[in-house]
Amino acid sequence: MNKLLRSPRAAAQKTVDEAIGEHASILSSQLQAISEVIFPPAASKLLRRFTSGEAAKLMGISDSTLRKMSLAGDGPQPEVTSNGRRLYSLAQINELRQRLAATARGRDAHDFLPRRGPDDHLQVLAVTNFKGGSGKTTTSVHLAQYLALQGYRVLAVDLDPQASLSALLGVLPETDVGANETLYAAIRYDDERRPLSDVVRQTYFNGLDLVPGNLELMEFEHTTPRALTSGKKEADEIFFMRVARALDDVADRYDVVVIDCPPQLGYLTLSGLCAATSMIVTVHPQMLDIASMSQFLLMTHDLLAVVREAGGELRYDFIRYLLTRFEPQDAPQTKVAALLRNLFDDSVMTNPMVKSAAVSDAGLTKQTLYEVGRENLTRTTYDRAMESLDAVNAEVEGMIRAAWGRSKR
């Protein structure tokens, strides 16, 4: 028990809830102060520019081809630094992609601009696990940013009341998100319900929009039981369809939706899973985490079976298990990884998300590895982490393209 609560004097002065409330207030104020140092109130988060080599690699062309386009005045012109380096913004890269797709010779236009066609369904990926600390939010934000870097139109949905995804994308849940400005606004049961398009925010990452989260999302956990007992039978009132119906409002604007689910099986998570077309379960390869995942899968099975019997239509393009925070030199972890592969075969992703200090170092400033330039971290550590991230995300991209009937790029 906390010493503060054991002390007779402290107990006389503060009740448990008052002490916890005081600690919460102190921590919140300190986090806000730190955040204001890193990102002053008047500032907004900006994405770095990319070198011509990085830009060419993202577009799938050679650096010399990009240089020729620049010299010919074909497309947006890069910023040229004092030492002659050519730098492109992501918006410029996406404009160049459109030009390349329009004039593609001998290559599929989708190789340059991989957006879904009129017959391709919206891909909704739910990233989930029952246990916190499995790398769920880290996976979600890096996947969303990777897909945006590849030229997809991406919507990130923060379904977790803790809202770590929102914070990583430059939206502070305590100060930047007001009442009725989360996904809850589009799935609530009363007259204050709003279309999701009113809630979506553009981010500093061109091609990546956000539906932010905060503690307001917990209202859905409280109001849904009341709605279930109210006797309303209309299809629109079925709680597990509400996230899917909310996404219908903006579906034409995006190719992929990435949902960061809460680390528990409540109404929010269940609604997110019912809206999904694919699911990625993040799992730390240790026996306690595997045991927790087992319980998660059993509970998910029971709940989704109830949903199916109630008329919910569940059709997934793929379900994959992603090993996160994986340490290849750790013998127990490699044994657990081998166990999972023996049990689930191809359902375990080929590439694991390797544990890296580079990801943690970037997180200190609320940034991701795709935002931090190579020059800002130890280069060998950065390169190893980027190789792992890109391999994982490219594997997911391949599954998305396969669901649309396209080959891997």
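Residues numbered from 1 in each chain as written. Predicted model: local features only at pLDDT ≥ 70, side-chain atom pairs only at ≥ 80, totals over all residues. Heavy atoms only, no water.

Looking at the overall build of the protein chain
What the protein chain contains, in helices and strands, is 17 helices and 10 strands. Of all 409 residues assigned to the protein chain, the portion counted as buried reaches 49%. Contacts in the protein chain between residues far apart in sequence, at least 24 positions, make up 75% of those at least 6 positions apart. A total accessible area of about 20,000 Å² is found for the protein chain, and carbon and sulfur atoms account for 53% of it. (Helix = DSSP H or I, 4+ residues; strand = E, 2+ residues; numbered from the N terminus. Buried < 20%, exposed > 50% of the residue type's maximum accessible area, 1.4 Å probe, protein only. Contact = heavy atoms within 4.5 Å. Areas by Shrake-Rupley, 256 points an atom, 1.4 Å probe, with all protein chains shown as cover.)

Some details on unusual backbone geometry
Phi at Ala163 takes a positive value of approximately 60°, unusual for a residue other than glycine. Topologically, Ala163 is positioned in the loop between strand S5 (154–158) and helix H9 (164–168). A relative accessible area of 1% places Ala163 in the buried class. For Arg325, which is not glycine, the phi dihedral falls at a positive 50°. Its place among the elements puts Arg325 in the loop between strand S10 (318–323) and helix H15 (331–344).

Topic: the side chain of Ser52
With respect to the helices and strands, the residue Ser52 is situated in helix H4 (residues 52–59). Within the local environment of Ser52, its side chain forms a polar contact with the side chain of Asp63, the two groups lying 3.3 Å apart. (Polar contact = N/O pair within 3.5 Å; in protein donor to acceptor, adjacent residues only side chain to side chain.)

Observations concerning the sheet that holds strand S2 (residues 79–80)
Strand order in this open sheet of three strands is S1-S3-S2, and the pairing throughout is antiparallel. Strands at the two margins of the open sheet, each flanked by one partner only, are strand S1 (50–51) and S2. Inspection of the sheet shows S2 paired to strand S3 (residues 86–88) by two bridges, in the antiparallel sense. Opposite Val80, over in S3, you have Arg86 as the bridge partner. Packed onto the sheet, helix H6 (residues 90–102) meets S1 and S3 and runs at close to 85° relative to S3. (Pairing = 2+ DSSP bridges. Axes fitted to C-alpha atoms, helices over the stretch in contact; angles between N-to-C directions.)

Considerations on the packing of aromatic side chains
Counted according to the given criterion, the structure contains five aromatic pairs. For the ring pair Tyr321 and Phe344, a centre distance of 4.9 Å and an interplane angle of 25° mean the geometry is stacked. Here the residue Tyr321 occupies a position in strand S10, and Phe344 occupies one in helix H15, the gap between them amounting to 23 residues. Of the residues examined, Tyr321 reaches a relative accessible area of 10% and is grouped as buried. (Phe/Tyr/Trp six-rings, centres within 6.5 Å; stacked < 30°, edge-to-face > 60°.)

Some points on the sheet that holds S10
With respect to topology, seven strands assemble into an open sheet ordered S6-S7-S5-S8-S4-S9-S10, the strand pairing being mixed. A strand with exactly one partner marks an edge of an open sheet, and here the two such strands are strand S6 (201–202) and S10. The sheet contact formed by strand S9 (residues 278–283) and S10 spans six bridges and is parallel. Its bridge partner lying in S10, Thr282 is registered against Leu322. Against the sheet, helix H8 (residues 136–149) touches strand S4 (123–128), S5, strand S7 (208–211), strand S8 (256–260), S9 and S10, its axis set at about 165° to S8.

Topic: helix H14 (residues 287–309)
For H14, built from 23 residues, the straight-helix expectation of 33 Å at 1.5 Å per residue is met to within 8% by its first-to-last C-alpha distance of 33 Å. Burial in H14 covers these residues: Asp289, Ile290, Ser292, Met293, Phe296, Thr300, Leu304, Ala305 and Val307. Among the residues trailing H14, Gly311 stands out with phi positive, at a value near 110°. (Expected span 1.5 Å × (residues − 1).)

Digging into the confidence of the model for the protein chain
Summarising the model, the protein chain shows a mean pLDDT of 84, and 86% of its residues fall at 70 or more. The weakest mean pLDDT in the protein chain belongs to helix H1 (residues 3–6) at 48; the strongest belongs to S5 at 98. pLDDT under 50 marks residues 1–11. Its contacts with residues more than four places away, or in other chains, come to nine contacts. (pLDDT = per-residue confidence, 0-100.)

Let's talk about the pattern of salt bridges
Note that side chains of opposite charge can pair when their charged atoms are close. Inspection of the entire model under this criterion finds 11 salt bridges. Salt-bridge contacts for Asp74 lead to Arg99; the nearest nitrogen and oxygen are separated by 3.0 Å. Taken as a pair, Asp74 in the loop between helix H5 (63–71) and S2 and Arg99 in helix H6 lie far apart in primary sequence, 25 residues in all. Salt bridges sharing common partners tie together Lys136, Asp160 and Asp260. (Salt bridge = Lys/Arg side-chain N within 4 Å of Asp/Glu carboxyl O.)

Here's the deal with the side chain of Thr128
Tracing the chain through its elements places Thr128 in strand S4. A relative accessible area of 0% means that Thr128 is categorised as buried. If we ignore the near neighbours within four places in the chain, the residues touching Thr128 are Lys136, Cys261, Thr269, Leu273, Met279, Ile280, Val281, Thr282 and Phe296.

Concerning the pairing of S9
With six of six residues buried, S9 lies mostly within the body of the structure. Both faces of S9 are covered, namely the face carrying Ser278, Ile280 and Thr282 and the face carrying Met279, Val281 and Val283. Pairing of S4 with S9, which is carried by four bridges, proceeds in the parallel orientation. Its bridge partner being in S9, Ala126 is matched across the sheet by Met279.

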